[in-house]
Amino acid sequence: MPSLSRKIRISSVMATAALLAVSACTPGEAEKPVASPGTEASGTVEFWHFFTDREAAAIDTIVADFKAAHPKIDVVVKSGQDDTKMLQAIGAGQGPDVGLSYSTDTVGKFCASGAWLDLKPYIERDGVDLAKIPPTVRSYTEFKGRRCAMPFLADTYGFYYNKTLLAEAGIAAPPKTLTELADAAKKLTKRKPDGTIERAGFLPLFGFYEHSPSHLAPAVGAKWLNDDGTSAIGSDPAWLELLKWQKDLVDWYGFDKLEKFRASLGDEWSADNAFHKGQVAMMVDGEYRIAFLRDQAKDVKFGTAPLPVSDAHPDWYGGGYVTGNVIGVSKTAKNPEAAWALIRYLTTDTGAIVKLANLIKNVPSTTDALAAPGDLGNDADFKVFLDIFAHPHTSTTPPSAVGPAYEEALSTYLQKYQAGPAGDPSAGLKDVDKQINQLVQLAG
Amino acid sequence: MVAVTAKRAGRATSAAGAATLRQRRRRDRLTVLSFMAPVLLGLLVFLVYPLVASVYFSFTTFDLVNAPRWVGLRNWEHLLQDPNVRKAAANTLWLVVVLVPARMLGALATGLLLARFKRGAGVYRTLFYLPALAPPVAATLAFVFLFKPGTGPVNTLLADLGIQGPLWFNSPEWAKPSLVLLGLWGIGDLMIIFLAALLDVPKEQYEAASLDGANAVHQFRYVTLPNIAPVLLFAAVTGVIQTLQYFTQAAVAASVASGQATTGGGISSTFGYPEGSTFTYPLWLYVVGFRYGALGYANTLAVVLFVVAAAVTVVMLRRFRSFL
Amino acid sequence: MSPLNETKLAFVARHAIAIALSVMFLCPIVFLALTSFMSSDQSLTANLWPTAWHPGNYAEVFARTPLPRYLLNTALYATFATLFMLLASVPAAYALAKLRWRGRTTIFVAIVCMMMLPPQVTTVPLYLMWADYGLTGSLWPLVLPMLLGDAFSIFLLRQFLLTIPDEYLDAARVDGCGEWRTLLRVVLPMAKPGIAAAAMFQFFYAWNDYYGPLLYTSENESAWTLSLGLASFRTLHAVQWNIVSAATLLTMVPIVVVFFFAQKAFVQGVTLTGVKG
């Protein structure tokens, strides 16, 4: 059947051509002009977010408030969405008007690709004061001068310590410097007669629970990226300081003993969390741990504090690590005006932010909301995290065109480094630089 | 009819015979086409189209949102100097070499065992198959949790027997062998295929063999094996292809073992735990393409995976041509 | 030792091994079952036996998700995917196994190749295609392709059909059956175990498929499947494994029942081969 085979060949070519056409002409190239000030937005907005269950219900509450305040706008909420899926949908012209992303990892990609619109025209037109957002938080919601996202609540990481164990060891206050931390860790560590670890004062392995390089970097003020988006890891001596400190402590325990101890610990997200069980006396974790501790380990007397800092810079004490959820308007939004109205409400209305922060037990993301954080502010343990959030030496992982590639490239190297014999990691870090920069090139 | 008529018609010599031959051939082709048409279309849409797309994307930089931009050989050049790809490929090849034969042997053994049951066969089959029926994420979580060195019952049981168990999924040396155990646990799918084939072996062939005085080993070698060979070939080929794409179990096992059993968005930070020993090739492909946004490069990796899978498959099919 | 004793010994040994294996295969499932009765605080701790039993977890699954709706969607997806797959794949497998034609080997290898591109990348162009047809937001992009056959199933069915001796087919052809009649009357009954296996795999695959429904239906909750529902029992920072375990077991019940009855097809294979001789 020659005619059929020819038909097949033709349709094969057509299929291929169609592919190229489809992938080449994704819609929405030109950004729509912004309406004049004072225009009241109306119509329907589709809003995708990743929350599920109880937290999704909290979102619904706030959206209902928004609808009451903006009767001309209807919001269709879709919960349980996935970031990659959202990007694919936007690429195919099927995305939402407003999207909420789980992680700041996506900001670089969403801004650089234009998947999310630059909000600057709206912000300028409506006179939104960005100074009310702390600078660190501002930095993780824009990329290369494009403000394509707004911060939607935040997670703040600080230091947890077991008050009972510290008192037993005669340590009066939580450590403020890395040296104090190492000393306290050694004092608080208990070994069995055979030398295996029974309790670790501080478990310094990278990759243990929240002990990622990202969460510890603020202690030494280590820098991730240069202004041009290339890796700064190999050239910033702060990393060497952190690594030397960490490796010394690891070797004090013995890597094999630590790894064996780590393997024996319960899951981070279960009631068997090593801190709940008193198996580690101090650790770095997010503000959400407070709720878990109160719920699952009522008898543990814990305290919260800022992250200990480099001995060379005791004045940095008070900060920690911050990251958050980010929200933006899709380039394929059918109704960008109404979409912006929703985002503006969710991210700048003090009442809405405080209410949501209290419902989800996260950190509110504007200074106005921080000043009057409702019940969260009356909680002494939580208050520590509000203060960390606002502290000038609190830092974040900056948006990058390659998402979390720089963090994960470093983590991968550190997994090997901490397991190996003590040595100078400089060459290894340079190699990490090279990998990251190559990835930046590939994605660019 | 096709084969038979073609053979017979081949002997025809007269001009009239040649005419009917052509007619018959056309009819035969139409018959084949009536069987194959949907699948031929399927080949276009689900093989040619994605493959052409993948090859094209592999020469571009692509972010899912904007049109792909041609970058020539850049992705391919990077492939040669990407240290992660080498490590990931080594892990994946290890799994192909160990996991595929292990699963085939295990499935054949359990299949042979089950084929001998008449009463209670349904219950045993269901029990053996159960792990393959469980959603992969929950199944992997449960399995890895039982092997947790400090808290899991496996090492507790071993300790009761006076054996100090290894760190299983928490040790760079044991993590991949532990994944093989996980694969053996979920053997049900292969077992059922082998069982169906084993039960289909004509009984009279066994009877004839046993009349000839063949013992159990000989019967297996000369009756069972040839009869189930096509299915063994199927298991080997699909086993290799699936293991080259080994993804979910490696991701979940690493996250549970690292002590962060979560399904949250940050899951890729635990990929490969411990020390990269479970970082497979498809995990790197996914991470680099969808987490780091280098989708062009991810497609380069996919094309390489395709070529490797195709090469291995063609070699296997040739080697076992007699079973085709 | 008399032959009778020997068979008795073999009988006991066989069951002993089978029971031991059953226990090993069951352990992780029992773990899920125990977890499904725990409080959320106890799940994933070292304490494997529920300190207090919470059968209410199962009620919670029903209360928190529209489970019947998900079940219906999942059943429709799995059923139609399986039916469509069989419709297209059985004839193709027959043509590949039992008919001689030029290009057969090439097409066969091409079909096997369909499995070789990792799904992570093939979904990118395919998603664009389905979006173009306006079918995203539904399960159609997962069901319709089955009308064009499924590579894994075609390969599996072909291998099973190869084991059917040609003489049976020739006999039917001599009786004047066309190829389609030969397939329907002679081959289908003989290939039941293979077809049952292929159908089961397709059905179970669709039942547990997560990434397919996530990609194509996440924005349309009325089309969600059980696997998507399973993923919703979590909060931002933690998964509620007790509820997830309960939901997982509930999800498994229908397919375990399906399997128990479907596997009976494998016994029929034996009786049929008895007829063969």
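Residues numbered from 1 in each chain as written. Chains lettered and ligands numbered in written order. Predicted model: local features only at pLDDT ≥ 70, side-chain atom pairs only at ≥ 80, totals over all residues. Heavy atoms only, no water.

Colleague: What's the story with a negative patch on the surface in this structure? I'm lost.
Modeller: Residues and elements named next belong to chain A. A contiguous patch of negative charge on the surface is contributed by Glu 180, Asp 183, Glu 241 and Asp 311. Within the fold, Asp 183 resides in helix α8 (residues 178–188). Using a relative accessible area of 44% as the deciding quantity, one classes Asp 183 as partly exposed. (Patch = residues over 30% accessible without salt bridge, like charges linked within 9 Å, V, L, I, M, F, W, Y side chains within 5 Å. Areas by Shrake-Rupley, 256 points an atom, 1.4 Å probe, with all protein chains shown as cover. Salt bridge = Lys/Arg side-chain N within 4 Å of Asp/Glu carboxyl O. Lys, Arg positive; Asp, Glu negative; His and termini not counted. Charge placed at Lys NZ, Arg CZ, Asp CG, Glu CD. Helix = DSSP H or I, 4+ residues; strand = E, 2+ residues; numbered from the N terminus. Buried < 20%, exposed > 50% of the residue type's maximum accessible area, 1.4 Å probe, protein only.)

Colleague: Mind showing me how you'd approach the interface of chain C and chain B here?
Modeller: Taken together, the 96 residues of chain C in the interface contact 98 residues of chain B. For the chain C face of the interface with chain B, the top three residues by lost area are Phe 25, Met 116 and Leu 148 of chain C, together amounting to 9%. Applying the counting rule to chain C against chain B returns zero salt bridges. Scanning the region where chain C abuts chain B turns up nine residue pairs in polar contact (both at pLDDT 80 or more). Sort the elements by how many residues they give to the side of chain C that touches chain B and helix α1 (residues 3–35) of chain C lands first, with 15 residues. A breakdown of the residues in the side of chain C that touches chain B according to their chemical character gives 72 nonpolar, 15 polar and nine charged. (Contact = heavy atoms within 4.5 Å. Buried area = accessible area lost by both parts, 1.4 Å probe. Polar contact = N/O pair within 3.5 Å; in protein donor to acceptor, adjacent residues only side chain to side chain. Nonpolar A, V, L, I, M, F, W, Y, C, P; charged D, E, K, R; others polar.)

Colleague: Explain the pattern of salt bridges here, please?
Modeller: Between side chains of opposite charge, pairing is possible as soon as their charged atoms come close. On inspection of all chains with the given rule, the structure shows 25 salt bridges over all chains. With a shortest N-O distance of 2.8 Å, Arg 289 of chain A and Asp 285 of chain A are connected by a salt bridge. With relative accessibility at 0%, the residue Asp 285 of chain A sits in the buried group. In this structure, Asp 166 of chain C and Lys 98 of chain C form a salt bridge, with 3.0 Å as the shortest nitrogen-oxygen distance. Linking Asp 166 of chain C in helix α8 (residues 166–174) with Lys 98 of chain C in helix α3 (residues 67–98), this pair joins segments that are 68 residues apart in sequence. Under the relative-accessibility criterion, Asp 166 of chain C is labelled partly exposed at 34%. Overall, the relative accessible area of 11% leaves Lys 98 of chain C in the buried class. Via salt bridges that share partners, Arg 125, Asp 126, Glu 337 and Arg 344 of chain A belong to a single interconnected network.

Colleague: Got a minute to help me understand the UniProt feature "domain: ABC transmembrane type-1" (unreviewed entry) in chain C in this structure?
Modeller: UniProt tags residues 71–262 of chain C as "domain: ABC transmembrane type-1" (unreviewed entry). Across residues 71–262 of chain C, the secondary structure splits into 73% helix and 0% strand, with the terminal C-alpha atoms separated by 20 Å. (UniProt positions renumbered as here; feature names shortened; annotations may be inferred.)

Colleague: It is not clear to me how helix α13 (residues 241–262) of chain C should be interpreted in this structure. Could you clarify?
Modeller: An α-helical segment advances 3.6 residues per turn. Residues three or four places apart therefore align on the same side. Here α13 of chain C spans 31 Å end to end across 22 residues, near enough to the 32 Å set by a 1.5 Å rise per residue. Val 253 of chain C marks where α13 of chain C bends most, by close to 30 degrees; the proline Pro 254 of chain C follows one to four residues later. (Expected span 1.5 Å × (residues − 1). Bend = angle between axes of the 7 residues up to and from the residue.)

Colleague: Help me understand the side chain of Asp 82 of chain B in this model?
Modeller: Residue and element names in this part refer to chain B. Among the structural elements, Asp 82 can be located in the loop between α3 (74–81) and α4 (83–115). For the buried Asp 82, which has no salt bridge, the nearest side chain bearing the opposite charge is Arg 86, at an N-O separation of 6.6 Å. Those residues in contact with Asp 82 that lie beyond four places of it in its chain are Trp 284 and Tyr 297.

Colleague: Got a minute to help me understand the packing of helix α5 (residues 121–133) of chain B against helix α9 (residues 188–199) of chain B in this structure?
Modeller: Think of two packed helices as two axes; the pair is described by the angle between the axes and how far apart they sit. All names here are of chain B. It is at 8 Å that the axes of α5 and α9 come closest, and there the two elements cross at 140 degrees. On the basis of the axis angle, α5 is oblique to α9. Contacts between α5 and α9 involve Arg 125, Phe 128, Tyr 129 and Ala 132 from the first element and Gly 188, Asp 189, Met 191, Ile 192, Leu 195 and Leu 199 from the second. A class-by-class count of the residues in the contact of α5 with α9 yields seven nonpolar, one polar and two charged. (Axes fitted to C-alpha atoms, helices over the stretch in contact; angles between N-to-C directions. Parallel < 35°, antiparallel > 145°, perpendicular 65-115°, else oblique.)

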